[in-house]
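Chain by chain, the residues run as shown.
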Amino acid sequence: MKFRRSTKLLVDVPAVASGDIAFNLIVFFLVCASTQPDTGRSQILPKSEQTQQQKEQQDEHLTVELKRNAVLVNGDPVKVSEIKARVKAKLSGKSRPDDRVVIVKSADDVPYHAWIEVTSQIEDAGGIITLQLEEERTVDVPQ
Amino acid sequence: MKMKRGKPKVDIPSVAMGDIAFNLLIFFVILAQSQDDSHIQWTPAKADNLKGAGYTRVTVTIDKDQKVYLNGLELSEGQLASRIESHLGDAPAGQRKVMLKVHSDCTAAKFEPVIEAISQAGGELVHILEDKKQK
């Protein structure tokens, strides 16, 4: 009687560790999915004390006023798309950081997305943003 | 003849120790890194030319209800500057980043005092935004 000699060896993949491998893969992809890196824009703002000093020189600086539906550069209404060019033109020839300060005044109802669009354009034009906030004052009314 | 009954020898299987240690390591790394602010609801504003914000210890968020959070904990605007200052400590320039996440429709009356507080605390402000090109 002849026996056929099998040439193929049957090797099983060890199934004991497949649970651990699957668990580690799940953790790996979970971590990758949950930690998406944040993107953003850094903004350099002068400290409050510096801003007080700059208030004295306010007349010399460029002023951008943000209203709910309009943007004014030194009192002139400007389209949002033209702010960068306008600010760049006004700041041309000014190399000192103190001369490149742009005072931003915002109305209370200006939304953040509009504010960030305007301030991004000012910074792209080389301006250094300073916020002018209205101070809260308590006035005693005589009775 | 008396036969002593031997105690059965049971070893703790040491084969899986590596896997267990590795999983514990991942677990604690994730816990250490993530500040849980997943409960805060906000939509980022969109902008161009954005860069990676990197890593920071301090994150200030203004949510859709105009509430202010520092590292996921709600607080008032008045407390903000001192709390940021204590978080930043004596960190040198370049390591004083403060991430600011503001809901897209939040108004200037709310977010400008927060920006001022970050500036007062000596924080280096990074606005967290979404790229306009992203869908």
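Just so you know, these numbers come straight off a predicted model, no measurement behind them.

Caption draft 1: Main features of the overall build of chain B. In terms of regular secondary structure, chain B is built from 3 helices and 8 strands. Burial statistics for chain B: of 135 residues in total, 38% are counted as buried. By sequence separation, contacts in chain B at least 24 residues apart represent 70% of the contacts at least 6 residues apart. When the accessible area of chain B is evaluated, it comes to approximately 8,800 Å², of which 54% is carbon and sulfur surface.

Caption draft 2: Focus on unusual backbone geometry. Phi at A:Asn74 takes a positive value of approximately 50°, unusual for a residue other than glycine. Mapped onto the secondary structure, A:Asn74 falls in the loop between β3 (71–73) and β4 (76–78). Positive phi, close to 50°, is recorded for B:Asn71, a residue that is not glycine. Looking at where B:Asn71 falls in the secondary structure, it is placed in the loop between β4 (68–70) and β5 (73–74). A residue is classified by how much of its surface remains accessible, and B:Asn71, at 19% relative accessible area, is buried.

Caption draft 3: Structural view of helix α3 (residues 108–120) of chain B. Residue and element names in this part refer to chain B. With 13 residues, α3 extends 18 Å between its outermost C-alpha atoms, agreeing within 8% with the 18 Å of an ideal straight helix rising 1.5 Å per residue. Those residues of α3 not exposed but buried are Ala-108, Phe-111, Glu-112, Val-114, Ile-115, Ala-117, Ile-118 and Ser-119. Phi for Gly-122, located one or two positions after α3, is positive at around 80°.

Caption draft 4: Focus on the nonpolar core. Ranked by internal contacts, the top residues of the largest apolar core, which has 47 residues, are A:Trp115, A:Ile122, B:Val60, B:Leu80, B:Ile84 and B:Phe111. Residue contributions to this core peak at 6 residues, all from α3(B). Here B:Phe111 is in contact with A:Val110, A:Pro111, A:Tyr112, A:Trp115, B:Ile62, B:Val102 and B:Cys106, once residues within four sequence places are set aside.

Caption draft 5: Highlighting the environment of A:Val104. Residues and elements named next belong to chain A. Locating Val-104 in the fold gives a position in strand β5 (residues 101–106). On the basis of relative accessibility, which here comes to 0%, the residue Val-104 falls in the buried class. Residues Val-104 and Trp-115 lie 11 residues apart in sequence; the distance between their C-alpha atoms is 9.5 Å. Not counting chain neighbours up to four residues away, the residues in contact with Val-104 comprise Val-64, Leu-66, Trp-115, Ile-122, Ile-129, Thr-130, Leu-131 and Gln-132.

Caption draft 6: Summary view of the packing of helix α2 (residues 77–88) of chain B against α3(B). Residues and elements named next belong to chain B. It is the contact of α2 with α3, at a shortest axis distance of 8 Å, that shows an interaxial angle of 25°. On the basis of the axis angle, α2 is roughly parallel to α3. In this structure, the crossing between α2 and α3 has a hand that is right-handed. Every residue of α3 that contacts α2 at Glu-77, Leu-80, Ala-81 and Ile-84 is listed here: Lys-110, Pro-113, Val-114, Ala-117, Ile-118 and Gln-120.

Caption draft 7: Representation of α2(B) within the structure. Residue and element names in this part refer to chain B. Here α2 contains 12 residues, and its C-alpha end-to-end distance of 17 Å stays within 8% of the 16 Å for a straight helix at 1.5 Å per residue. The complete set of buried residues in α2 reads Leu-80, Ala-81, Ile-84 and Leu-88. The arc that holds every buried residue of α2, seen down its axis, measures 90°, which confines them to one face. In α2, those exposed residues whose orientation departs by more than 90 degrees from the buried face are Gly-78 and Ser-86. Contacts from the buried residues of α2 go to β3 (58–62), β4, β6 (97–102) and α3. Remark: Gly-89 follows α2 within two positions and exhibits a positive phi of approximately 60°.

Caption draft 8: Spatial organisation of the pairing of strand β7 (residues 124–128) of chain B. Along β7(B), 4 of the 5 residues are buried, which leaves the element largely enclosed by surrounding structure. Here strand β1 (residues 39–43) of chain A runs beside β7(B); their pairing, made up of 4 bridges, is antiparallel. For A:Gly40, the partnering residue across the bridge sits in β7(B) and is B:Ile128. Inspection of the sheet shows β6(B) paired to β7(B) by 4 bridges, in the parallel sense.

The rules behind each value
Residues numbered from 1 in each chain as written. Chains lettered and ligands numbered in written order. Predicted model: local features only at pLDDT ≥ 70, side-chain atom pairs only at ≥ 80, totals over all residues. Heavy atoms only, no water. Helix = DSSP H or I, 4+ residues; strand = E, 2+ residues; numbered from the N terminus. Buried < 20%, exposed > 50% of the residue type's maximum accessible area, 1.4 Å probe, protein only. Contact = heavy atoms within 4.5 Å. Areas by Shrake-Rupley, 256 points an atom, 1.4 Å probe, with all protein chains shown as cover. Expected span 1.5 Å × (residues − 1). Core = buried A, V, L, I, M, F, W, Y, C linked by side-chain atoms within 4.5 Å. Axes fitted to C-alpha atoms, helices over the stretch in contact; angles between N-to-C directions. Parallel < 35°, antiparallel > 145°, perpendicular 65-115°, else oblique. Left-handed = near helix turned anticlockwise from the far one by under 90°. Arc of directions from axis to C-beta. Pairing = 2+ DSSP bridges.

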